[in-house]
Amino acid sequence: MKIIAVRHCKATGQEVEAPLTEEGLQQSKELARFLKGYQFDCVISSPFKRAVDTIKPYAELTHTEIKTDERLAERILSTQTDPDWDWRFHLKRTYNDEHLKFPGGESTFEAKQRVQSLIQELKDAGHNSVLLVTHGNLMSLLINHYEPSFGFKEWELLKNPDVFMIDIQNNDVTNLWVV
């Protein structure tokens, strides 16, 4: 099975209902044109507005239904509200310790299990090619499952949007969004 994993376009924030910026809306149209050449058995998005809106132009262009799945939602690192809490420092720690978990958050291990349960379900259903729209951290953890060298530093280099193809039979990961 081949997965095209898409990180959402530029958004106004991290909230569930955060919309795409004007630039993000333009990016979503570029992305639609880019993806038009691919065939997918199904298109599944995080239920977050910025993810759904990222793939909407593609779905309209190709008359494709967008399904949403909570397993593609943004990873919650912590519900910590202290403004001095250095979330990037702590996120980096979770790439080195998969079981490290902060109050109200999800460990790297748990997030990987969540997305892998979706991948297994898609494999079991006989899908050959799927398009998944998600968020940077979860996408990096999905890629890391097949390419263990993909870690915090690579997460930092991800763009909005970004597109990777993951060939799960061959554990091969390719960045397709070279813009």
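Residues numbered from 1 in each chain as written. Predicted model: local features only at pLDDT ≥ 70, side-chain atom pairs only at ≥ 80, totals over all residues. Heavy atoms only, no water.

Draft legend 1. Fine view of the pairing of strand β2 (residues 42-45). Taking every second residue as pointing to the same face, both faces of β2 are buried, with Cys-42 and Ile-44 on one and Val-43 and Ser-45 on the other. Across four bridges, the pairing between β2 and strand β4 (residues 129-134) is parallel. The residue of β4 that forms the bridge with Cys-42 is Val-130. Across three bridges, the pairing between β2 and strand β3 (residues 66-68) is parallel. Looking at β3, one finds that Val-43 is bridged to Ile-66. Read from β2 through helix α2 (residues 49-62) to β3, the crossover connection turns out right-handed. (Buried < 20%, exposed > 50% of the residue type's maximum accessible area, 1.4 Å probe, protein only. Helix = DSSP H or I, 4+ residues; strand = E, 2+ residues; numbered from the N terminus. Pairing = 2+ DSSP bridges. Right-handed = clockwise from strand over helix to strand, strands pointing away.)

Draft legend 2. Looking closely at the nonpolar core. Counting residues in hydrophobic clusters, the biggest one holds 32 residues, and the most contacted among them are Ile-3, Ile-119, Leu-122, Leu-132, Leu-142 and Ile-166. Where this core is concerned, the elements lending two or more residues are β1 (2-7), β2, α3 (87-96), α4 (108-124), β4, α5 (136-146), α6 (152-157) and β5 (162-167). The element that contributes the greatest number of residues to this core is α5, accounting for six residues. Setting aside its immediate chain neighbours within four residues, Ile-119 contacts Met-1, Ile-3, Leu-132, Leu-142, Tyr-146 and Ile-168. Ranked by size, the runner-up nonpolar core spans 17 residues in total, among them Ala-32, Leu-35, Val-43 and Val-163. (Core = buried A, V, L, I, M, F, W, Y, C linked by side-chain atoms within 4.5 Å. Contact = heavy atoms within 4.5 Å.)

Draft legend 3. Geometry of the packing of aromatic side chains. Tallying each qualifying case throughout the model produces nine aromatic pairs. Here Trp-87 and Trp-155 contribute two aromatic rings whose centre-to-centre distance is 6.1 Å and whose plane-to-plane angle is 85°, an arrangement assigned as edge-to-face. Taken together, the residues Trp-87 in helix α3 and Trp-155 in helix α6 connect sequence positions 68 residues apart. Overall, Trp-87 belongs to the partly exposed group, its relative accessible area being 41%. (Phe/Tyr/Trp six-rings, centres within 6.5 Å; stacked < 30°, edge-to-face > 60°.)

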